[in-house]
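# Chain and residue survey
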Amino acid sequence: MGWRTIDLQKPFGHGRSSARQLLVAGICVQNFVTVSDAADNLKALQAKSSWQRDDFIKEGGWAKVAGIDDTVANATDACADQLMKLKELPAAAAPVVTDS
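Below or above, wherever it landed, is the structure these notes cover. Computed from a prediction, not measured in an experiment: that's the story for all the values here. (Residues numbered from 1 in each chain as written. Predicted model: local features only at pLDDT ≥ 70, side-chain atom pairs only at ≥ 80, totals over all residues. Heavy atoms only, no water.)

## So, the state of the cysteines
- Counted according to the given criterion, the structure contains 1 disulfide.
- Here Cys28 connects covalently by a disulfide to Cys79, the sulfurs 2.1 Å from one another. Of note, the bridge from Cys28 to Cys79 carries an S-S torsion of about -75° and is left-handed in sense. Here Cys79 lies in helix α4 (residues 75–84) and Cys28 lies in helix α1 (residues 14–33), a separation of 51 residues in the sequence. (Disulfide = S-S within 2.5 Å. Helix = DSSP H or I, 4+ residues; strand = E, 2+ residues; numbered from the N terminus.)

This is the structure in structure tokens:
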């Protein structure tokens, strides 16, 4: 059939929405794990049923991103999925020190 440069099975723009979802989910995870009560929040998230987790993320505000006013479809679900895979919270990074 020859060469194809696009996947005709997916609508145009699908990659962009998926990229936004992954970006917002990553920011959400970072926001979640860096708050002072992250360990308690993670326990609370783990206690929720799968269909309640995205609401917990939305209510916590961890998926809010400056400059993005609209909700990004499935970003809170992806954030919750990533958080549920954590065995423990990552260690806090030391602040960057410069000589300036």
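What follows continues from the structure just given.
## So, the packing of helix α2 (residues 38–47) against α4
- Close contact between α2 and α4 brings their axes to 10 Å; oriented N to C, the two are set at 105°. Compared by their axis directions, α2 and α4 come out roughly perpendicular. Residue-level contacts link Leu42, Leu45 and Gln46 of α2 to Ala80, Leu83 and Met84 of α4.
- In terms of residue class, the contact of α2 with α4 is built from 5 nonpolar, 1 polar and no charged. (Axes fitted to C-alpha atoms, helices over the stretch in contact; angles between N-to-C directions. Parallel < 35°, antiparallel > 145°, perpendicular 65-115°, else oblique. Contact = heavy atoms within 4.5 Å. Nonpolar A, V, L, I, M, F, W, Y, C, P; charged D, E, K, R; others polar.)

## Describing the packing of aromatic side chains
- On inspection of all chains with the given rule, the structure shows 2 aromatic pairs.
- A centroid spacing of 5.6 Å and a plane angle of 45° characterise the contact between Phe56 and Trp62, whose relative ring orientation is tilted.
- Its relative accessible area of 9% is what places Trp62 among the buried residues.
- Cluster of aromatic residues (ring-pair linked, three or more members): Phe32, Phe56 and Trp62. (Phe/Tyr/Trp six-rings, centres within 6.5 Å; stacked < 30°, edge-to-face > 60°. Buried < 20%, exposed > 50% of the residue type's maximum accessible area, 1.4 Å probe, protein only.)

Remember that the coordinates give geometry; whether it matters functionally is a separate question.
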